Amino acid sequence: MEFYRVVQERRSIRSYLPTKVADDKLVRVLTAGQLAPSGKNAQAWKFIVSREAELKAALVGACKGQKFIAEADIVLTVCVDQTACYQDHGAYMTSFAVDGAIAMQQMMLAAVVEGLGTCWIGAFSEEGVREILNVPEPYRIIGLTPLGYPANAGKDRGRKELAQLIKWEKW
Ligand SMILES: Cc1cc2nc3c(=O)[nH]c(=O)nc-3n(C[C@H](O)[C@H](O)[C@H](O)COP(=O)(O)O)c2cc1C
């Protein structure tokens, strides 16, 4: 699928069919995360693929009751080791959140190519998700997404005009 069509077609999907995601599709999505850039190429991430019904139900509880998360075949969770990532990003922070966000987004775009839906889940309790998925310190949980077959096409939420976003040459 042409890249700009992929970017345009991606929507947050909040309703899923229970259909299983084939392994080859899942591997291609995960590979898109593997190939993401990261500060100093640290690749300090883990991608957790959760399919067990009890785990997915528990994750709903840790994600403010967002029930649609458990409808999808898979819940994908991105974690990054905050001590192993690049430590001097912009001389004011470490790169764990940036690295994890890029990997997550690459997988979300790959999912579109595979006919799969995703929805970035940022409303979660890190401690809750950590406990359910046994995520050790010093990994931080960057985000989760359901990964599965969309039950609907999702809504066009609109965007600001490009002219409102761009500064040419200087601010
Ligand atoms: C950091 C972040 C956190 C988000 N958290 C949630 C969430 O917890 N639940 C949810 O339904 N959508 C969540 N979203 C999805 C946004 O609401 C969505 O991307 C935005 O409304 C634009 O819609 P679109 O993704 O369909 O283009 C999150 C998105 C981002 C980038």
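Note: the structure precedes this text.
Residues numbered from 1 in each chain as written. Predicted model: local features only at pLDDT ≥ 70, side-chain atom pairs only at ≥ 80, totals over all residues. Heavy atoms only, no water.

K.L.:
Just checking my understanding: could you explain the sheet that holds strand β3 (residues 117-118) for this structure?
P.N.:
Working definition: the strands of a sheet are paired by backbone hydrogen bonds and lie parallel or antiparallel to each other. Ordered in space as β1-β2-β4-β3, the four strands form an open sheet in which the pairing is antiparallel. Every other strand in the sheet has two partners, leaving β1 (45-50) and β3 as the edge strands with one partner each. Alignment of β3 against strand β4 (residues 139-148), held across two bridges, turns out to be antiparallel. Looking across to β4, one finds that Gly117 is bridged to Gly148. (Pairing = 2+ DSSP bridges. Helix = DSSP H or I, 4+ residues; strand = E, 2+ residues; numbered from the N terminus.)

K.L.:
Hey, could you run me through unusual backbone geometry in this one?
P.N.:
Note that the residue after Glu137, namely Pro138, is joined by a cis bond; omega there is 5°. For Pro138, the location among the structural elements is in the loop between α5 (126-133) and β4. With a phi angle near 55°, Lys64 is a residue other than glycine that sits in the positive phi range. By secondary structure assignment, the location of Lys64 is in the loop between α3 (53-62) and β2 (74-81).

K.L.:
Honestly, the site of the ligand in this entry has me stumped. Any pointers?
P.N.:
Neighbouring the ligand are 14 residues; Ser12, Arg14, Gln66, Trp120 and Arg159 lie closest to it. Contact between the ligand and Trp120: a nitrogen atom at 3.1 Å from a main-chain N or O atom of the residue. Between the ligand and Gly122 there is a distance of 2.9 Å, counted from a nitrogen atom to a backbone nitrogen or oxygen. A total of 620 Å² of accessible area belongs to the ligand in isolation, and the protein chains cover 64% of it. When its residues are assigned to classes, the shell around the ligand shows five nonpolar, three polar and six charged. (Near = heavy atom within 4 Å. Polar contact = N/O pair within 3.5 Å; in protein donor to acceptor, adjacent residues only side chain to side chain. Areas by Shrake-Rupley, 256 points an atom, 1.4 Å probe, with all protein chains shown as cover. Nonpolar A, V, L, I, M, F, W, Y, C, P; charged D, E, K, R; others polar.)

K.L.:
Help me understand the side chain of Thr145 in this model?
P.N.:
The residue Thr145 is located in strand β4 in this model. Judged by its relative accessible area of 1%, Thr145 falls in the buried class. At 2.8 Å, the side chain of Thr145 and the backbone nitrogen of Cys119 are in polar contact. If we ignore the near neighbours within four places in the chain, the residues touching Thr145 are Ile74, Val75, Leu76, Met104, Thr118, Cys119, Trp120 and Ile121. (Buried < 20%, exposed > 50% of the residue type's maximum accessible area, 1.4 Å probe, protein only. Contact = heavy atoms within 4.5 Å.)

K.L.:
Honestly, the nonpolar core in this entry has me stumped. Any pointers?
P.N.:
Looking at soluble globular proteins, one finds that nonpolar side chains tend to be buried together. Judged by nonpolar contacts, the single largest core of 22 residues is most densely connected at Val29, Val80, Leu116 and Leu147. When contributions to this core are tallied by element, the ones reaching two or more residues are α2 (23-34), β2, α4 (96-113) and β4. In terms of residues, this core owes the most to one element, α4, which gives seven residues. Leaving out residues up to four positions away in the same chain, Leu116 has contacts with Val21, Lys25, Val29, Ala111, Leu147, Gly148, Tyr149 and Pro150. Formed by 20 residues, the second largest nonpolar core is a distinct cluster that contains Leu59, Ile69, Phe124 and Leu144. (Core = buried A, V, L, I, M, F, W, Y, C linked by side-chain atoms within 4.5 Å.)

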